[in-house]
Each structure stands twice: as structure tokens, then as C-alpha cells.
Amino acid sequence: MNVNNSSVMLVDGMALLFRAYYATAYSGYIRRTSEGLPVNAIYGFVRYFADAVRTFGPSHVVCCWDMGSRTFRSEQYVDYKANRPEAPEDLVPQFSMIKEVVECFGVPNLGIEGYEADDCIGTLAHTYSQDMDVYILTGDHDMLQLITEKTKVIIMKKGHSNYRVYDLAALYEEKQLTPRQIIDLKGLIGDPSDNYPGVKGIGEKTALKLLTEYESIEGILDNLAGLPKGVRTKIELDQEMLHLSRQLATIKCDVPLQCSLESSIWRPDLSRIRAKFEELEMETLVKQIS
């Protein structure tokens, strides 16, 4: 591993944990301890996490978590994420255990009531990027809006050690969008996974065409008279939801959260990790971590 002495990896904890759970649970087999405690998501999380640290070699690591379903977004829009099913029963007890495991690595667990992990990551990325390179590890394409000259987003693809790293150039090459336009795109088309609609009847193809021509939602609204009648009518009828959807899509970068760089230095205590893995009957991971 080549350590980058001036980089921090911000880990989207829930994204890794859910990915790890479903990557194993789909087969019907749930890894458990001898006492019946499910640990499949924890096992998978550690493998994903360790591989990412090995691959990208950050000098600092922080893990961010959602702190419940009630956030400022659900206050703005009552149906926000209302379509999300309850977490699988076997996953629930692993929520608290995984934070203990992360702590054993010497990595801070961060989250704040009323905000999502995305907002914590956005805030830390904004702060840390003043002094160092930032890598955001996630499976959530919403995070692409956080890309800057100093901040890259690592999207986890299917399988282990399979990543797509986005910087400004890679984002534009693939999507012909800037980070800011990622937000405007979501304002126009909404997000079914987060359960907000955007402008009814506007799909991604139309939205991308509008953003290519007019650059932003403001640019589109300033040129409504020149749009095809059908598109203009849809936007005029749904302007309130357009603005609300863009608000919901925007990751906040100024939440009241702090984490000193000193506390996030990557210096895991292998003896402590080994003891935790033995407790969870995951001794096979000790060798991988070592």
C-alpha cells in the first residue's frame, strides 16, 4: 500500500454495510456466530473497507453514518424516503456492532441527528479539502456533486476491488455534467429511491438536453418562452416541486460537525482488531487485515 500522506478517506458507512449485507444474504446464507448472532454484514463491510484502504492508501480515515430516518429533509417533504422498507431483521443488530468494529480500527464514527451521512461527508470534505486531498468512498451517485479539484468520489461497483473513481474530468467525460449540474438534474427528474418526484413528465434525456443548452435550472427558467410548449407547461406547472426537489438533492456542507485530523490518522491497533474479530468469530479476517 502506498500511503498518501495528505489524503483523507470519508467512508459512507451505511452504503458499505447495506452492500455487504445484500452481497451475502441473496444466497440465503447468513453468517452467524456460534450463539446465533448475525455478522454477515460486518464481515463483508470489513472486507470492502480494508480493500479500499489498501487500494487508495489514505493517511486519514473517517466513517460517517445516518442517525435515524428523521432529518431536515423529511421535515421539508413528508414523503422523503417514505418508500424505504424496514431494514432486514438480521441486519438490525449489526448496526451497533459495526461501529464497535470501526472504532477498533481507530477510525472515528461520525453522525449528527437531523442530518444524513451525506451531509456529514459533504461538510468534512469541504473542510478537509482546504488542506489535503479527499476521497469519498460510497455507492451513492448523489455524492458526485461533491467533486472538486481536491475531492474525488470513489463509487463501489459490483464485486471486490472494483471501483470507478470520479474527478471533474471523469464526471464530465461520462455524464457531460459538472458537479453543480448533478443537483439540477435531480431537481428536474427527482429521485425514485429517495421518493421525491422532480418535474412530472420530465425524464433524464430531456433534463440533460435542457442542462446542456441552458446550464442550470435558473438558465432554463430564464428561457421558458423558448422551450417547446409541452416542456414549458410541465415546468410551469411544477415549479414549486422543481425547487423543492433541488433542495432535497443538495448535500449540505455546513452542518455543525467537527473532527480533528489528528483523531482520524490511520494507525490501526492490530491486537485490538484481532480481539474484536475473535469475539465475533471472524478470525479468518485477521490475516487479511494484517
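Remember, predicted model here, so these are calculated numbers, not experimental data.

So, how was this worked out
All chains use their own residue numbering, which begins from 1 and follows the written sequence. Only residues with pLDDT of 70 or above have their local features reported here, since the model is predicted, and side-chain atom pairs are shown and tallied only from 80 upward, although totals for entire chains, interfaces and linings are computed over all residues. Excluded from the side-chain calculation are hydrogens and water; included are all heavy atoms of the structure. The helix count covers DSSP runs of H or I at least four residues long, the strand count covers runs of E at least two residues long, and both are numbered beginning at the N terminus. Using C-alpha atoms as the atom set, the radius of gyration is obtained and then compared with a globule rule of 2.2 Å times the number of residues to the power 0.38. Per-residue accessibility, obtained with a 1.4 Å probe over protein chains only, is compared with the maximum for each type, and a residue is labelled buried under 20%, exposed over 50%, and partly exposed between these values. Residues count as neighbours in contact if any of their non-hydrogen atoms are within 4.5 Å of one another. Working definition of accessibility: Shrake-Rupley area with a 1.4 Å probe, residue cover restricted to the visible protein chains. Residues scored as positive are Lys and Arg, those scored as negative are Asp and Glu, and His as well as the terminal groups of each chain are ignored. By convention, the point assigned to a charge is CZ for Arg, NZ for Lys, CD for Glu and CG for Asp. Think of it this way: a Phe, Tyr or Trp ring, Trp meaning its six-membered ring, pairs with another when their centres are within 6.5 Å, and the plane angle makes it stacked under 30 degrees, edge-to-face over 60, tilted otherwise. Only when the NZ atom of a Lys or the CZ atom of an Arg is both within 6 Å of the ring centre and within 35 degrees of the ring normal do we say a charge sits over the ring. For helices, the fitted line uses only the C-alpha atoms of the stretch in contact; every axis is such a line through C-alpha atoms, and the angle between N-to-C directions lies from 0 to 180 degrees. Oblique is the label for every angle not falling under 35 degrees (roughly parallel), over 145 degrees (roughly antiparallel), or within 65 to 115 degrees (roughly perpendicular). Left-handed describes a crossing whose near helix is turned anticlockwise from the far helix by less than a right angle; the clockwise case is right-handed. Buriedness of a pocket was judged along seven lines, with at least five required to meet protein on both sides within 12 Å; pockets are open sets of points on a 1 Å grid over the protein atoms alone, cavities are sets where a 1.4 Å probe fits but cannot get out, and lining residues have an atom within 4 Å of a point. Grid points are joined across faces, edges and corners, and a volume is the space filled by probe spheres set on the points. Gly is placed with the polar residues, together with every amino acid not listed as nonpolar (Ala, Val, Leu, Ile, Met, Phe, Trp, Tyr, Cys and Pro) or charged (Asp, Glu, Lys and Arg).

**Student:** Quick question: what am I supposed to make of the overall build of the chain here?
**Tutor:** Looking only at helices and strands, the chain has 13 helices and six strands in total. Here the chain has a C-alpha radius of gyration of 20 Å; the compact-globule value for 290 residues is 19 Å, and the two agree. Based on the C-alpha atoms only, the size of the chain along its principal axes is roughly 65 × 40 × 35 Å. Counting the 290 residues in the chain, one finds 49% classified as buried. Of the contacts formed within the chain by residues at least 6 apart in sequence, a portion of 72% connects residues at least 24 apart. Accessible surface for the chain amounts to roughly 14,200 Å². Of this, 50% is attributable to carbon and sulfur atoms. Positive and negative side-chain charges in the chain, numbering 31 and 41 respectively, have mean positions lying 5 Å apart.

**Student:** Please explain the packing of aromatic side chains as it appears in this structure.
**Tutor:** Aromatic ring pairs are reported here in terms of the distance separating the ring centres and the angle at which the planes meet. Evaluated as defined, the whole model comprises 13 aromatic pairs. Ring geometry for F49 against F105: centres 5.3 Å apart, planes inclined by 75°, an arrangement best described as edge-to-face. A residue pair is termed long-range when its members are at least 10 positions apart, and F49 in helix 2 (residues 40-56) and F105 in the loop between helix 4 (92-104) and strand 3 (109-110) qualify at 56 residues. With respect to burial, F49 and F105 carry one shared label: buried. Put simply, the rings of F45, F49, W65, F105, W266 and F277 pair up and form one aromatic cluster. It is R31 that lies over the ring of Y43; its NZ or CZ is 4.1 Å from the centre. Lying across the ring of Y166, R164 places its NZ or CZ 4.7 Å from the centre.

**Student:** Can you help me understand the environment of K99 in this one?
**Tutor:** In this fold, K99 is placed in helix 4. Residue K99 is classed as partly exposed on the basis of its relative accessible area of 26%. Counting along the chain gives 36 residues from K99 to C63, while the straight-line C-alpha distance between them is 8.9 Å.

**Student:** In this structure, what is going on with the packing of helix 1 (residues 13-25) against helix 2? I would like to understand it.
**Tutor:** Describing two packed helices takes the angle between their axes plus the distance from one axis to the other. One way to put it is that helix 1 packs onto helix 2 with a least axis distance of 8 Å and a crossing angle of 120°. Taken together, helix 1 and helix 2 sit at an angle that is classed as oblique. Crossing geometry of helix 1 relative to helix 2 is assigned as right-handed. Contacts between helix 1 and helix 2 involve G13, L16, L17, R19, A20, Y21, A23, T24 and A25 from the former and N40, A41, I42, G44, F45, Y48 and F49 from the latter.

**Student:** What exactly am I supposed to notice about the layout of surface pockets here?
**Tutor:** Any empty space left between atoms is shown by rolling a water-sized probe over those atoms. In this structure, the largest pocket encloses a volume near 1,500 Å³. In terms of lining, the largest pocket is formed by 44 residues, of which the most central are D66, K81, R84, S193 and D194. Elements represented by at least two residues in the lining of the largest pocket include exactly helix 1, helix 4, helix 5 (117-128), helix 7 (179-189) and helix 8 (204-214). When residues of the lining of the largest pocket are assigned to their parent elements, the largest contribution, five residues, is made by helix 1. Residue composition of the lining of the largest pocket, grouped by class: 20 nonpolar, seven polar and 17 charged.

**Student:** What is the right way to read the environment of D133 from this model?
**Tutor:** In this structure, D133 sits in strand 4 (residues 133-138). Linking D133 and T71, residues 62 residues apart in sequence, is a C-alpha distance of 29 Å.

**Student:** Explain the packing of helix 7 against helix 8 here, please?
**Tutor:** Taken N-terminus to C-terminus, the directions of helix 7 and helix 8 make an angle of 135°; their axes are 10 Å apart at the nearest point. Classified by the angle between their axes, helix 7 and helix 8 sit oblique to one another. In the crossing of helix 7 with helix 8, the sense of the turn from one axis to the other is right-handed. Contacts between helix 7 and helix 8 involve Q181, D184, L185, L188 and I189 from the former and E204, A207, L208 and L211 from the latter. Of the residues belonging to the contact of helix 7 with helix 8, the class tally is six nonpolar, one polar and two charged.

In short, geometric facts, not functional conclusions.
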